[in-house]
Amino acid sequence: FGSRARSAAKVTAMSEAAPENGHNGKAGELAGALATCTAVVKLLELEGHGKHQETKVPSLTAAWRQAEQVLKMRRAPKAVAAALNALERANCCGVLVDHMEPTSLEAFVRSPELLNISTKARRILKPRATTLLEDGEWEKLLTPKKRSGKTKTAEPLGERYLQGWRWVALVGVAAVVGSSCFFRAFWYNMHQNGAFMDDGTAIGKNPNIVDPNLDWDRLMRTDYWGLEMFDPDKWTHKSFRPLTTLTFRWNYQSFGGMDTSSYFITNVLLHVVCSFLVGIYCKVVCRIPSVYTAAATALFASHPVHTESLMYVVGRADPLCAILVLIGVVVYDKCCNRRPDEKVQKGPVTTMKLLLGFLLTTLLFLAAGLCKETGFTFFGLLVGQEILPILTHSWRPNPPSKEDLIPRAGRILAILICGGAACGWRVWYTSGTGIERMDPYSNPFAANDNGYIRKLSYTFVHGMYGKLLVWPYFLCYDYSHDAIPLLTSLTDIRLGLSSATYTAFAAIVHLVLRALASNGTRSAGYGAAVNLGFFLLSFFPMSNIAFPVGTVVAERLLYKPSIALVGAAAVLGQVVMEGPISKSRYSRRFQAAAGVGFLGLWAFWWARAYKRCWEWETVERMFFTDGYKQLHSERTQLNLGNYHLMHGEYRDALAAYERAVASDPAQRDAVPLYHAAQIHMAVSHDMETAEKYLKKAVTGYFSPLVIAEEEVWHDYGLVLWQTKKPEESIRNLQVAVMTNPLYTKGLNNLACATTMHALTQNDHHTAMQGLQTLQRAIELSPNTPMYWRNAASLFKMVGDHERAQHAWQQVYYLEGEDPGEITNNCIWEFYFR
């Protein structure tokens, strides 16, 4: 009999007495079931001490079926555990397992009572139980869970209090507070503080923006900078972004041209909206709990790399594109993307919802692509949203049904058709994606002829992008030649950054796949997988893998990849705060440390973004700050030289220009050579050094957005005249005039050089041709006294005193005072640029 028999008798008595103590209904039924099962235990222990087998089976089965009806109740698994232990001692455990209903068996296996049965009973139970569980779940259920001092809730952190509109309000607050580091830009003015680099060309000189009447035909045939895309004789960037251009036109025409703060206000407000949509995307699409969604929103809103996208006004294309993409992804997830565990719904309302959702998403992605080209690539994210649930569900014991597969296959086919057509149209419309005659300074890696060096250098660029995403401390507006020197060997220590980046990325992919394989779409791995796809689709076009882009590294290009970064960080925070680590005895300390770490990271990002926004307040401050920060970049040194030149600091300007020239041993960029030569001409009067610089400049690379080509040819011709090389001087001045027939400065100086040199050679015919050239300059600019002075001097030199006096009278008329006597010298026209 022993202690077990006494315990069984005690439980039996308590169960039989339950109805008398006021238990009725389900409670009384449960008491009866427990009494039956306990009686089975008692019977086996008293009548055979575990040796009877077949004789007891019918009665045992009948007794069990009386308790079968209430197995789903909370205390029913205790009866199952008691019966299994008793039957195992009677070697009848297998019979009981075979007679249990699947729902009852699964309820018991998932209960804590599974740990209270014997090892032999578990071995008998395992074959049937594993058919009802997911892969690896049996082992997890057998793992004892450590008890903590405080009861853990199944709900994520704060989810109970963030229902309905509350989580939306929390995300909105996070977006506004996080973006507050950029609010000082509300008072920035492009006209007063200066237009930064391409801002002056893409906005201030773009006819699609400044013309009062909008020419739609011109808008569709010009690129982002207003340059003709289909003229083979003109350079174009092939950045076709008409919707973004229209937003600049709205700012220009509605708020007073360039003298307004509306450009910066619009950019910052767009960033606030995008930050809010990042939170909606994390919550709805990635299924991340509300607290971690708000944390991701705050991190994205204050990420320092976004400063360039907001303060460099032409970077507006990235926030606009991201907003449209995020809205499209959320709409598609709500209207079209059904989860595998959801019931298939049919009917006209469901069909109409799906069609409208798909149409709206397609239009949003097309609009995103017309804001920036990378918007077209996100059709691939919709394919991933459709395939991912199928793959994860197919790993489960029950494969997906045809009712789910066929509609998904149809949607995938429709997405591929629409996305492929959009990308194909974009490539066809702009005649490819490559940039013709791209200068080797914006992207020196693409200009290198050695494929091995080119690929090796691109790996370091990927490492640089990874560093900027995670630790955005060093920030600069330019990373062009020679800020990042080419990598020529595998022994280059900089490859350590690339290796670390690729290793981290491979580890993330492995963890995501492992999480999906174990828990499917119900795990945090699903949100991580969606963010992984978002990152790949946004990073691939800027990676230089498929085609070269117009820059080596640009912080503004990280705007969309950073969405995936903060989404993945939110998933990581969820795992850390509520995963297995949180069940340890030090969970509260660990969670507190993680929370402090997040606040510290956010505070650092906010402060760094605020300081960077301050640096962008004026163009001069930016040129000065980054010029001395990035001494090896040809472009930062060029702009630093321009800064010193505007302030009359010629020595510092010349030093900066010479650093820009020294950054490229081949000296291929015409701009710093040209400016350095101008200082030598006008300040130090070192014509020989100026000639050396300009000789290289005329054979270098020109950018029509930075400097006019005729200016370089003109100054080269002018310095050749000063170094007593008249024939070469005339040839270069003629090139300048042929490059731009309306170039009055070149016409004036060419007339002087041609006429004066012809007179020394007694060539009257050529001298008259020179005078005709000057007459052309006067026709283009009749109110310039200098041209009339030179005409009077040259006519006097050739002996035409009547026409000389007529020209001298025009000088008196324009200047309003007596000009004195006619001189025998020309006035050479020269200006600092």
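Basis of the calculations
Residues numbered from 1 in each chain as written. Predicted model: local features only at pLDDT ≥ 70, side-chain atom pairs only at ≥ 80, totals over all residues. Heavy atoms only, no water. Helix = DSSP H or I, 4+ residues; strand = E, 2+ residues; numbered from the N terminus. Buried < 20%, exposed > 50% of the residue type's maximum accessible area, 1.4 Å probe, protein only. Contact = heavy atoms within 4.5 Å. Areas by Shrake-Rupley, 256 points an atom, 1.4 Å probe, with all protein chains shown as cover. Expected span 1.5 Å × (residues − 1). Core = buried A, V, L, I, M, F, W, Y, C linked by side-chain atoms within 4.5 Å. pLDDT = per-residue confidence, 0-100. Phe/Tyr/Trp six-rings, centres within 6.5 Å; stacked < 30°, edge-to-face > 60°. Lys NZ or Arg CZ within 6 Å of the ring centre and 35° of its normal. Patch = residues over 30% accessible without salt bridge, like charges linked within 9 Å, V, L, I, M, F, W, Y side chains within 5 Å. Salt bridge = Lys/Arg side-chain N within 4 Å of Asp/Glu carboxyl O. Polar contact = N/O pair within 3.5 Å; in protein donor to acceptor, adjacent residues only side chain to side chain. Axes fitted to C-alpha atoms, helices over the stretch in contact; angles between N-to-C directions. Parallel < 35°, antiparallel > 145°, perpendicular 65-115°, else oblique. Left-handed = near helix turned anticlockwise from the far one by under 90°. Nonpolar A, V, L, I, M, F, W, Y, C, P; charged D, E, K, R; others polar. Arc of directions from axis to C-beta.

Caption draft 1: Layout of the overall build of the chain. Each helix and strand counted, the chain has 38 helices and zero strands in total. Out of the 833 residues belonging to the chain, those deemed buried represent 50%. Summarising the internal contacts of the chain: among those between residues at least 6 apart in sequence, 71% fall at separations of at least 24. Only carbon and sulfur atoms are counted for the fraction: they give 60% of the accessible area of the chain, which is about 39400 Å².

Caption draft 2: Helix 26 (residues 561–578), seen in detail. Over its 18 residues, helix 26 extends 26 Å from the first C-alpha to the last, a length consistent with the 26 Å expected when each residue adds 1.5 Å. Restricting attention to buried positions, one finds in helix 26 the residues P561, S562, I563, A564, V566, G567, A570, V571, Q574, V576 and M577.

Caption draft 3: Fine view of unusual backbone geometry. Backbone geometry places M197, a non-glycine residue, at a positive phi of 45 degrees. Examined against the element boundaries, M197 turns out to sit in the loop between helix 10 (190–193) and helix 11 (198–204). Backbone geometry places N544, a non-glycine residue, at a positive phi of 65 degrees. Along the chain, N544 falls in the loop between helix 25 (524–539) and helix 26.

Caption draft 4: Region of interest: the nonpolar core. Membership of the largest hydrophobic core comes to 85 residues, with the highest contact counts inside it found for Y281, I484, F534 and V553. Ranked by residues supplied to this core, first place goes to helix 18 (residues 317–335) with ten residues. Once you skip the residues sitting within four places of it in the chain, V553 turns out to touch V461, M464, Y465, L468, Y479 and I484.

Caption draft 5: Main features of the confidence of the model for the chain. Across the chain, the average pLDDT comes to 82, with 81% of residues at 70 or higher. Note on residues 66–75: pLDDT under 50 across the span, and 20 contacts to partners over four residues away in sequence or across chains. Confidence drops under a pLDDT of 50 for residues 147–153, and excluding neighbours within four residues, the segment shows three contacts in the predicted structure.

Caption draft 6: Region of interest: the packing of aromatic side chains. Inspection of the entire model under this criterion finds 30 aromatic pairs. Between the aromatic rings of F240 and Y429, the centroid separation amounts to 5.1 Å while the plane-to-plane angle is 45 degrees, which identifies the pairing as tilted. Here F240 is found in the loop between helix 13 (216–221) and helix 14 (242–254), whereas its partner Y429 is found in helix 21 (residues 402–429), with 189 residues between them in sequence. In this structure, F240 and Y429 share a single accessibility class: buried. Residues F300 and Y559 carry aromatic rings whose centres are separated by 5.3 Å and whose planes lie at 75 degrees to one another, so their mutual orientation is edge-to-face. With F300 in helix 16 (residues 290–301) and Y559 in the loop between helix 25 and helix 26, the pair connects residues that are 259 residues apart, well separated along the chain. With relative accessibility at 0%, the residue F300 sits in the buried group. Relative accessible area serves as the criterion here: at 0%, Y559 is assigned to the buried category. Across from the ring centre of F460, 5.2 Å away, lies the NZ or CZ of R494, which sits over that ring. Cation over ring: R608 sits above Y473, and NZ or CZ is 5.8 Å from the ring centre.

Caption draft 7: Looking closely at the environment of F702. Among the structural elements, F702 can be located in the loop between helix 32 (687–697) and helix 33 (709–722). For the pair F702 and A670, spaced 32 residues apart in the sequence, the C-alpha separation amounts to 6.1 Å. With residues up to four places along the chain from it excluded, the contact list for F702 reads A670, A697, I707, E709 and V712.

Caption draft 8: Main features of the environment of G700. Along the polypeptide, G700 turns up in the loop between helix 32 and helix 33. A relative accessible area of 17% places G700 in the buried class. Taking the C-alpha atoms as reference points, G700 and R668, 32 residues apart in sequence, are found 4.5 Å from one another.

Caption draft 9: Quick look at a nonpolar patch on the surface. A contiguous nonpolar surface patch, about 260 Å² in accessible area, is contributed by L359, L363 and L366. Mapped onto the elements of the fold, L363 is located in helix 19 (residues 348–371). The exposure class of L363 is partly exposed, given its relative accessible area of 49%.

Caption draft 10: Structural detail: the side chain of T260. By the element assignment, T260 lies in the loop between helix 14 and helix 15 (262–284). Only 3.0 Å separates the side chain of T260 from the backbone nitrogen of S262, close enough to count as a polar contact. Ignoring sequence-local partners within four residues, the contact set of T260 consists of Y188, N189, M190 and F255.

Caption draft 11: Structural detail: the pattern of salt bridges. Counting across every chain of the model gives 24 salt bridges. For R411, the salt bridge is made with E386, and the minimal N-O distance between the two is 2.6 Å. Of the two residues, R411 sits in helix 21 while E386 sits in helix 20 (residues 379–394), which places them 25 residues apart along the sequence. There is no split in this pair, since R411 and E386 are both buried. Between D800 and R803 there is a salt bridge; the shortest N-O distance is 3.8 Å. Connected via shared salt-bridge partners are K611, R612, E615, D626 and K629.

Caption draft 12: Here's a closer look at the packing of helix 33 against helix 34 (residues 726–739). Taken N-terminus to C-terminus, the directions of helix 33 and helix 34 make an angle of 165 degrees; their axes are 8 Å apart at the nearest point. Compared by their axis directions, helix 33 and helix 34 come out roughly antiparallel. Crossing geometry of helix 33 relative to helix 34 is assigned as left-handed. In contact with E709, E710, W713, H714, Y716, G717, L718, L720 and W721 of helix 33, helix 34 contributes P726, E728, S729, N732, L733, V735, A736 and T739. By residue class, the composition of the contact of helix 33 with helix 34 is nine nonpolar, five polar and three charged.

Caption draft 13: Quick look at helix 28 (residues 619–629). Considered for burial, the residues of helix 28 that qualify are V619, M622, F623, D626 and G627. Along the axis of helix 28, the buried positions cluster into a sector of 115 degrees, meaning they face one direction only.

Caption draft 14: Spatial organisation of the packing of helix 33 against helix 35 (residues 744–760). At a minimum axis separation of 11 Å, helix 33 and helix 35 run at an interaxial angle of 30 degrees. Considering their axes alone, helix 33 and helix 35 lie roughly parallel with respect to each other. Handedness of the helix 33/helix 35 crossing: left-handed. Here helix 33 contributes E711, H714, L718 and W721 to the contact with helix 35, which in turn contributes K745, G746, N749, A753, M756 and H757.

Caption draft 15: Structural detail: the environment of Q809. Turning to its location among the elements, Q809 is positioned in helix 38 (residues 801–815). For Q809, a relative accessible area of 53% gives the class exposed.

Caption draft 16: View of the side chain of T362. Note that T362 resides in helix 19. One polar contact links the side chain of T362 to the main-chain carbonyl oxygen of F358, over a distance of 2.8 Å. Apart from residues no more than four positions distant in its own chain, T362 is found in contact with F379 and C418.

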